[in-house]
Amino acid sequence: MTYVTHDESAFVPPVEVDEPELYHAKTWIGKYVWSQDAKVIAVQYSLTAIFVGLVALVLSGLMRLQLGFPHTFQFINPSSYLQFVTMHGMIMVIYLLTALFLGGFGNYLIPLMVGARDMVFPYVNMVSYWVYLFAVLLLLASFFVPGGPTGAGWTLYPPQAILSGTPGANWGIILMLVSLAFFIIGFTMGGLNYVVTVLQGRTRGMTLMRLPLTVWGIFMATVLALLAFPALFVSAIMMTLDHLLGTSFFMPALVSQGKGLEHSGGSPVLFQHLFWFFGHPEVYIVALPAFGIVSDLISINARRNIFGYRMMVWAILAIGGLSFIVWAHHMYVSGMNPYFGFFFATTTLIIAVPTALKVYNWVLTLWRGDIHLTVPMLFAIGFVFTFVNGGLTGLFLGNVPVDLPLSDTMFVVAHFHMVMAVSPILVVFGAIYHWYPKVTGRMLNDTMGRWHFWITFVGTYCIYYPMHYLGILGVPRRYYAIEGTDFIPQSAHSVNVGITVAALIVAAVQILFLYNLVWSYFRGKPSGGNPWRATTLEWQTPETPPKHGNFGPTLPAVYRWAYDYSVPGAAEDFIPQNQPPAKAAPITPAARARA
Amino acid sequence: MALAIVLLLLVVGSVLFHVLSPWYFTPIASNWGMIDDTVHITFWVTGIVFVAVNLFLAWCVVRYRHGKVKHAMYEPENKKLEGWLVVLTSVGVAAMLAPGLVVWAKFVDVPKDAAVVEVVGKQWYWSYRFPGADGVLGTDDARFISDKNPFGINPDDPHGQDDVLIASPELHLPMGKPYKALLRSTDVLHDFTVPQFRVKMDLVPGLVTHLWFTPTRAGKFDVLCEELCGVAHFTMRGKVVVEDDAAFTTWLASYPTFAQSMKQVAGDAVAGQQGFAVCAGCHGAQGEGNPQLNAPKLAGQGDWYLKRQLQYFKTGARGAHEKDTFGKMMAPMAATLADEAAIDNVVAYIKTLPDQPASPTVTKQSHAADGSTLYQTCGVCHGAGGQGVQATNAPRLKGMSDWYMVTQLKNFKNGVRGAHPKDLYGQQMVWMAAALTNDAAIENVVGYINTLK
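Residues numbered from 1 in each chain as written. Chains lettered and ligands numbered in written order. Predicted model: local features only at pLDDT ≥ 70, side-chain atom pairs only at ≥ 80, totals over all residues.

**Structural notes on the overall build of chain A**
Right, so step 1: In terms of regular secondary structure, chain A is built from 15 helices and two strands.
Right, so step 2: In summary, chain A has a C-alpha radius of gyration of 25 Å against a globular reference of 25 Å for 595 residues, a match within 12%.
Right, so step 3: Taken along its principal axes, the extent of the C-alpha atoms in chain A is 85 × 50 × 50 Å.
Right, so step 4: Taking all 595 residues of chain A together, 62% fall into the buried category.
Right, so step 5: Considering only contacts in chain A between residues 6 or more positions apart, those separated by 24 or more positions represent 81%. (Helix = DSSP H or I, 4+ residues; strand = E, 2+ residues; numbered from the N terminus. Rg over C-alpha atoms; globule rule 2.2 N^0.38 Å. Buried ≥ 20, exposed ≤ 12 C-beta atoms within 10 Å, placed from the backbone. Contact = placed C-beta atoms within 7 Å.)

**Notes on the overall build of chain B**
Right, so step 1: Looking only at helices and strands, chain B features 14 helices and ten strands.
Right, so step 2: In terms of C-alpha radius of gyration, chain B reaches 29 Å, well past the compact-globule figure of 22 Å for 453 residues.
Right, so step 3: The C-alpha extent of chain B, read off along each of the three principal axes, is 100 × 55 × 40 Å.
Right, so step 4: The contacts in chain B between residues at least 6 apart in sequence include a share of 70% that link residues at least 24 apart.

**Here we look at the pairing of strand E2 (residues 125–130) of chain B**
Residue and element names in this part refer to chain B.
Right, so step 1: Counting buried positions along E2 yields six of six residues, so the element is predominantly enclosed.
Right, so step 2: With burial as the criterion, each face of E2 is covered, one bearing Tyr125, Ser127 and Arg129 and the other bearing Trp126, Tyr128 and Phe130.
Right, so step 3: Bridge count for strand E1 (residues 115–122) against E2 is five bridges, and the pairing is antiparallel. Bridging from a neighbouring strand, Glu118 pairs with Arg129 of E2.
Right, so step 4: Linking E1 to E2, which pair antiparallel, is a turn of two residues. (Pairing = 2+ DSSP bridges.)

**As for the interface of chain B and chain A**
Right, so step 1: Between chain B and chain A, the residue contacts involve 96 residues of the former and 105 residues of the latter.
Right, so step 2: For the side of chain B that touches chain A, the secondary-structure elements that each account for two or more residues are helix H1 (2–20), helix H2 (33–63), helix H3 (79–108), strand E7 (200–203), strand E9 (219–225), helix H11 (368–382) and helix H13 (426–434) of chain B.
Right, so step 3: No other element matches H3 of chain B, which puts 14 residues into the side of chain B that touches chain A.

**Thoughts on unusual backbone geometry**
Right, so step 1: Omega for the peptide link from Thr544 of chain A to Pro545 of chain A comes to -5°, which places this bond in the cis form.
Right, so step 2: Inspection of the secondary structure puts Pro545 of chain A in the loop between helix H14 (490–523) and helix H15 (589–594).
Right, so step 3: For Arg198 of chain B, which is not a glycine, the phi torsion comes out positive at approximately 75°.
Right, so step 4: Mapping Arg198 of chain B onto the fold places it in the loop between strand E6 (190–193) and E7.

**Brief notes about the sheet that holds E9 of chain B**
Within a sheet, neighbouring strands are paired by backbone hydrogen bonds and run either parallel or antiparallel to one another.
Residues and elements named next belong to chain B.
Right, so step 1: Ordered by their spatial adjacency, five strands build an open sheet running E4-E10-E9-E6-E7, and the pairing between neighbours is mixed. Each edge of the open sheet carries a strand with a single partner, namely strand E4 (170–174) and E7. Direction aside, the axes of adjacent strands within the sheet are offset by 25° on average.
Right, so step 2: Strand direction decides the pairing type here: E6 and E9, joined by two bridges, are antiparallel. When the bridges of E9 are listed, Thr193 appears paired with Leu224.
Right, so step 3: Packing of helix H5 (residues 245–253) onto the sheet brings it into contact with E4 and strand E10 (237–243), and relative to E4 it is tilted by some 140°. (Axes fitted to C-alpha atoms, helices over the stretch in contact; angles between N-to-C directions.)

**Focus: the sheet that holds strand E5 (residues 179–185) of chain B**
Residue and element names in this part refer to chain B.
Right, so step 1: With mixed pairing, five strands are arranged side by side in an open sheet as E3-E2-E1-E5-E8. The strands lining the two open edges of the sheet, one partner per strand, are strand E3 (164–166) and strand E8 (209–213). Averaged over all pairs of adjacent strands, the angle between their axes in this sheet comes to 25°, without regard to strand direction.

**Some points on the packing of helix H7 (residues 268–301) of chain A against helix H8 (residues 309–322) of chain A**
Residues and elements named next belong to chain A.
Right, so step 1: One way to put it is that H7 packs onto H8 with a least axis distance of 11 Å and a crossing angle of 175°. With respect to H8, the element H7 is oriented roughly antiparallel. Residues Tyr284, Leu288, Phe291 and Ser295 of H7 touch H8, and the partners they reach there are Met312, Ile316, Ile319 and Gly320.
Right, so step 2: Residues of the contact of H7 with H8, tallied by class, amount to six nonpolar, two polar and no charged. (Parallel < 35°, antiparallel > 145°, perpendicular 65-115°, else oblique. Nonpolar A, V, L, I, M, F, W, Y, C, P; charged D, E, K, R; others polar.)

**Here's the deal with the pairing of E5 of chain B**
Residues and elements named next belong to chain B.
Right, so step 1: Within E5, five of the seven residues are buried, which leaves the element mostly enclosed by the surrounding structure.
Right, so step 2: Pairing analysis gives seven bridges linking E1 to E5, with the strands arranged parallel. Counted as the bridge partner of Val116 is Lys180 from E5.
Right, so step 3: Judged from the five bridges that link them, E5 and E8 form a sheet pairing that is antiparallel. Its bridge partner being in E8, Leu183 is matched across the sheet by Thr209.

**A look at the packing of helix H5 (residues 171–200) of chain A against helix H6 (residues 213–244) of chain A**
Residues and elements named next belong to chain A.
Right, so step 1: Running from amino to carboxyl end, H5 crosses H6 at an angle of 150°, the nearest separation of the two axes being 8 Å. Taken together, the axes of H5 and H6 are roughly antiparallel relative to one another. Considering the relative orientation of H5 and H6, their crossing is left-handed.
Right, so step 2: Of the residues assigned to the contact of H5 with H6, the class counts are 22 nonpolar, five polar and no charged. (Left-handed = near helix turned anticlockwise from the far one by under 90°.)

**Remarks on the confidence of the model for chain B**
Right, so step 1: The predicted model of chain B has a mean per-residue pLDDT of 90, with 99% of residues at 70 or higher.
Right, so step 2: Interface confidence for the predicted complex, expressed as ipTM, amounts to 0.92; the pTM equals 0.91. (pLDDT = per-residue confidence, 0-100.)

**Let's talk about H8 of chain A**
Right, so step 1: Compared with the 20 Å implied by 1.5 Å per residue over 14 residues, the 20 Å span of H8 of chain A between its first and last C-alpha is a close match.
Right, so step 2: For H8 of chain A, every residue scored as buried is listed here: Tyr309, Met311, Met312, Ala315, Ile316, Ile319 and Gly320 of chain A.
Right, so step 3: Buried residues along H8 of chain A sit against H6, H7 and helix H9 (340–366) of chain A together with H3 of chain B. (Expected span 1.5 Å × (residues − 1).)

**Quick notes on the nonpolar core**
Right, so step 1: Among the nonpolar cores identified, the biggest contains 308 residues, and Val363 and Val384 of chain A together with Leu57 of chain B are the most heavily contacted of them.
Right, so step 2: Top contributing element to this core by residue count: helix H3 (residues 78–114) of chain A, with 24 residues.
Right, so step 3: The contacts of Val384 of chain A, once residues within four sequence positions are left out, are Val359, Trp362 and Val363 of chain A together with Leu57 of chain B.
Right, so step 4: Ranked by size, the runner-up nonpolar core spans 17 residues in total, among them Leu310, Met330, Val346 and Ile350 of chain B. (Core = buried A, V, L, I, M, F, W, Y, C linked by C-beta atoms within 7 Å.)

This is the structure in structure tokens:
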């Protein structure tokens, strides 16, 4: 019996349309500033996102200082504390993770991995970045306006978000809402590009079921974002109108500061439905690209095909679909009709099945693999461990009666940081170590990378694992100070001190990472075109870093899926996607046994 | 290898932490033990998966590391294995979901015999209302809210007249009786949480939400607001006292009905003049205050506030702290007012005194501009103009003695004032004053109050 590799075929469909000529910029500014090259736009997105993420990292440090050492830092008062909480959350979720995964990795990897010369609408792609940058500047401007940024919590729940009892209720909240609207406009331009490029820009032979899972993850996340962000867009507009024009979309009749307001008849719960109709898919907008990327990192470094590729693709699609009918699990105690709890608890726990399958398949890819513990692989395995923990605690909060004691406590904070902050960030780091050589032509320093991994991985676990137990004890979230309760023992305070110390250490080690990014750009070991010996197309470019147009005079043709690692009988332990099938001799039983 | 060891240590450490750590659910005080049971089932199922998956992960890292193996196995999929994993996962999920839905069915089904109590949330304090003898709460609306009617009860609704108003963050409940708590907010979202009861629910302006529970253990428990409700969210606390029926009945009877609260008789100012003679010695004949004698200005202060403070001094809720030197002087003075009528009378007399703004003393050097930002928090209760708002139990600040406000803010901050368990409103000021992180902040905020006209 001959052994045929998975999904290998010699047939590649003929060219259907001629390639249009790319517009090549002639000036330095055209190449690197007003650039239409997806790779440059990707770097612009990434650097902006990392910068604004650093702002949010500092904010989290300040927050932890207050919780660990209350009444020590005079510049942290209840207003500024809530402003730190709010801006940290919003920046990390939207302006860092969403922008980095889709605008950064999406822009860089989609054209290269599907075998396209660029995004299909390069000009719109360029505008997308500049609108994103404008949104970031608007958001940062709120630190400098009277009253400072909004302190309404990243969920921005009205009525308090626009009433004077909340910090930044005049300027801050308006800047936040307008910035979000611009972010969504910018994202929509980019997002349409990513989707159309994946659907229409693939090279010959690159069928959908041959796409690397990285592309599947980013593609599905973009589809989710295109469908979910409009809900946030309209709610931002409606809340702006409530605030500036006195409409009552979300504002019922109420009394603020002893005075009755003009509003009446609006529904604060309506806002929550709109927010979470966006907000839950948003979790997967961040998670799915991470799922996709980590699948590839694990497969490459285990030198083994991803286990159950088709199941992985269907799981991504299933998670994407289900993510639109679970949103109200954020609202079990919101005062919505409690009978909704039955439906949303059921859908939420069902979504755990495809998610669990993905975890199994990652672990089963390692099983019987040939594991190389490179820095990207360390981060990938760190992700799996962290994600298992964060995913499992989701089963507590998703199950409606279990959510009752835990909702709005530190348990929630610990859970969502494990599952959608630390997990995706570990993947971001792994991905940067993995693709940095393609972007720059140099490897990141390995020793610094390993220190960065160990401190970040173990440190974040020390931050968030004990935090769950504060929540179980009943410590509420978003509290500036918690003294004066009878049920919280003094010992719980020592947990807070420990968490703060761990958080500061983890924050500090990110400086090492930044230093590595800069140092290696000049001094890193030259990487060559394919340092990880990977199969996907971005590693097969004629130049590294790839030039504008990516693939030289002719586009590659694809003959096989992305996971031909350690194919029995093959000369090397990987076969690039664009390598035509050899007239290979039948594989002997001895060769199979070796595998 | 190091990775496998660390993964192993993290798994073992996590399990040990769970078993050994002292931080776990507070002892339950309601009928919702089945919520705890569901949590335990979830811990078992997820705990087994956590240990199994991560130990397998660690084992793979050791067993299949490069060097130990030379070649990976090529195996695109294994339908049988994947099928089994789907089935097992589904079983595990069902084992958690099924009991969860059963418990939730109990939660949405309020017992028919449950008694009713209304919980009212406002930035940033709790109050409560019990239906009177007719067992029905009167209707309410935001537009009825005023200083005299802080609950916003419809004055024309006969059902509301006998409602008992608990204008205090401390709620008492009898043991062993199911209660349906109707939750109402008059401004923003809040969340009524008693950790020992396990259940919680948001208060939503414009809606009446509810939850139910049966208190099963006597004691005093914290009430927390757990939905972000503005800058002083963390100070929105209360207490629930669970006690026997007799104690509960006595407690409830000590609070006024809505009808009684609307018919408060004004004191007799003429009779009060006599009583005020004692006060005038320090506070001045016109109640204008005297910094040399540490006596603050009284004229123009809300009568409801003066009355409450006199009662506090009389009962020892204020002025009993050993470091409260000047407060201790007021205790015997308040004792000269024999009864509630005497207090009403003297307060009524103070109301007739001319109200001239006190002249600024200690805060001339302060930065009123910095204080204005800080004051926004104060303004939510005390009014943007510092005029004092009875509905939020916040006394007047503008035009009152600035040196006195500085002293009192420091007293609150140092626990000299407001820490007494019977000072139900002072506790909130303890947390608020703690947010003024230094003396300069206190002087700045008072300096800003001096600029209010």
